[in-house]
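Read off the chains here:
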Amino acid sequence: MMLSTDTTFPVACSWGLWTLLSLCYGLEFRYHNTAEVEKYLREVSRNYPNITYRYSIGRSVEGRHLWVLVLGKSPREHKVGIPEFKYVGNMHGNEAVGRVLLLQLIDYLTKGYRSNALVTRLLDTTRVHILPSMNPDGFESSSRDCMNGFGRYNSHGVDLNRNFPDAFLRRARGGVRGGVRAGATVGEGEEENREKEVEAIMEWMKMERFVLSANLHGGAVVASYPYDNSNGGSELQEGASVTPDNDVFVHLAKTYSYSHTQMHKGNACSDSSFPHGITNGFQWYALPGGMQDYNYVWQQCLEITLELSCCKFPPERELPSYWEANRPALLAYMQQVHLGVKGQVLDGTVSQNVPVQSVCVCVCVCIICVCVCVCFCLYCMCVRGLSYRNGLLSVLSQV
């Protein structure tokens, strides 16, 4: 097992003893390989069967499982009124800090349940899905170089964060562009152009109606939010590609940056500066076929990208400091899944209160003066920005 302790234990300790000791000492701060991560997740699901469930959403190009651990009061199935949240790490194989932090987060949540009030409340009211590594093939082939090492791409040499359907990009031209091959359209129906890891994520999001998400990267310290791309339409405003839910995305990004010990200062890395530690993705640089735009446009899930380290593969001795800097931010961001309006939309004309399958929601403020009631509708939403399944509604909104 993977322990963090100053005590030296005999190498010949049995697996059962290591499992017992891990409950006391916690997960070691180092870069665990794919086999070790799989073993760790299996042991966690075995030790905490009432609040965890491990499942695979598919395999990588080289056949490695993409393991997800669910944490929550009802980890094996969706419950009405319990929103679905996800963290995805290691999309680029050589950006390894997020992978380490998500394993530490699993350790923290499982051990804090019933002893830590915040953790208990979070897991009692949220179903949390954690995918430590979206690109295990890239990680296994990566060199531990700070910025320019191998391992970013998958085994086909494709950047997975350029391989999703893109609402703005009609056709890639002039050779390979990111994860899109020459002449290939990037609409959702072009499955032949999707890498196995990307297909797995897309199918996963059809199975689980996620409300909020973040994907963890490295190479900068900033919280980036959609859109990542633009075709020069009305979304392009003063150099930023702005979504209809821009105020919510800014709030989400600031929630992370200001809960982080350094990110909100905006100058953690010498080669960049970000006011408040946040940025619109397109304003930073145009990114076609990105995962956060796909989450928002196609699956109505609000996702931001978290760049967590100037160095993509920092020395292992520095990993505890990254955990201390990010732990409060990871927890604060997860709590935002409960922001806004949620509930069930039922047909009251039917005695069984059948869930309504198509709905438009308006949030209004009413001013009552004597016998006059004046209502101002501040926010209306029919499909975009909400998670809706079998009558369950969850809208992330600030009004």
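We now turn to the structure provided with this report.

## Overview of the sheet that holds strand β4 (residues 127-131)
Taken in spatial order, the eight strands of this open sheet run β1-β2-β4-β3-β5-β10-β6-β9, and their pairing is mixed. Each of the sheet's edge strands pairs with one partner strand only, and the pair in question is β1 (52-59) and β9 (278-280). Neighbour-to-neighbour, the strand axes of the sheet open up by a mean angle of 20°, direction not taken into account. Against the sheet, helix α10 (residues 319-335) contacts β3 (84-89), β4, β5 (210-217) and β10 (302-309), and its axis sits at roughly 150° relative to β3.

## Looking at the side chain of H92
As for its placement among the helices and strands, H92 is situated in the loop between β3 and α3 (97-112). A polar atom in the side chain of H92 sits 2.7 Å from the side chain of D159.

## Side note on the pairing of β3
With six of six residues buried, β3 is to be regarded as a mostly interior element. The side-chain alternation of β3 yields two buried faces, one formed by E84, K86 and V88 and the other by F85, Y87 and G89. As defined by bridge partners, β3 adjoins β5 across six bridges and the pair is classed as parallel. Bridge pairing in β5 links V88 to N215.

## Focus on the nonpolar core
Judged by nonpolar contacts, the single largest core of 56 residues is most densely connected at Y87, L105, L306, Y333 and M334. Beyond its immediate sequence surroundings of up to four residues, Y87 is in contact with L102, L105, H129, I130, L131, A214, L216, L306, A329, L330, Y333 and M334. By size, the runner-up hydrophobic cluster in this structure holds 21 residues, among which are I57, V70, A200 and I201.

What counts and how
- Residues numbered from 1 in each chain as written.
- Predicted model: local features only at pLDDT ≥ 70, side-chain atom pairs only at ≥ 80, totals over all residues.
- Heavy atoms only, no water.
- Pairing = 2+ DSSP bridges.
- Helix = DSSP H or I, 4+ residues; strand = E, 2+ residues; numbered from the N terminus.
- Axes fitted to C-alpha atoms, helices over the stretch in contact; angles between N-to-C directions.
- Contact = heavy atoms within 4.5 Å.
- Polar contact = N/O pair within 3.5 Å; in protein donor to acceptor, adjacent residues only side chain to side chain.
- Buried < 20%, exposed > 50% of the residue type's maximum accessible area, 1.4 Å probe, protein only.
- Core = buried A, V, L, I, M, F, W, Y, C linked by side-chain atoms within 4.5 Å.

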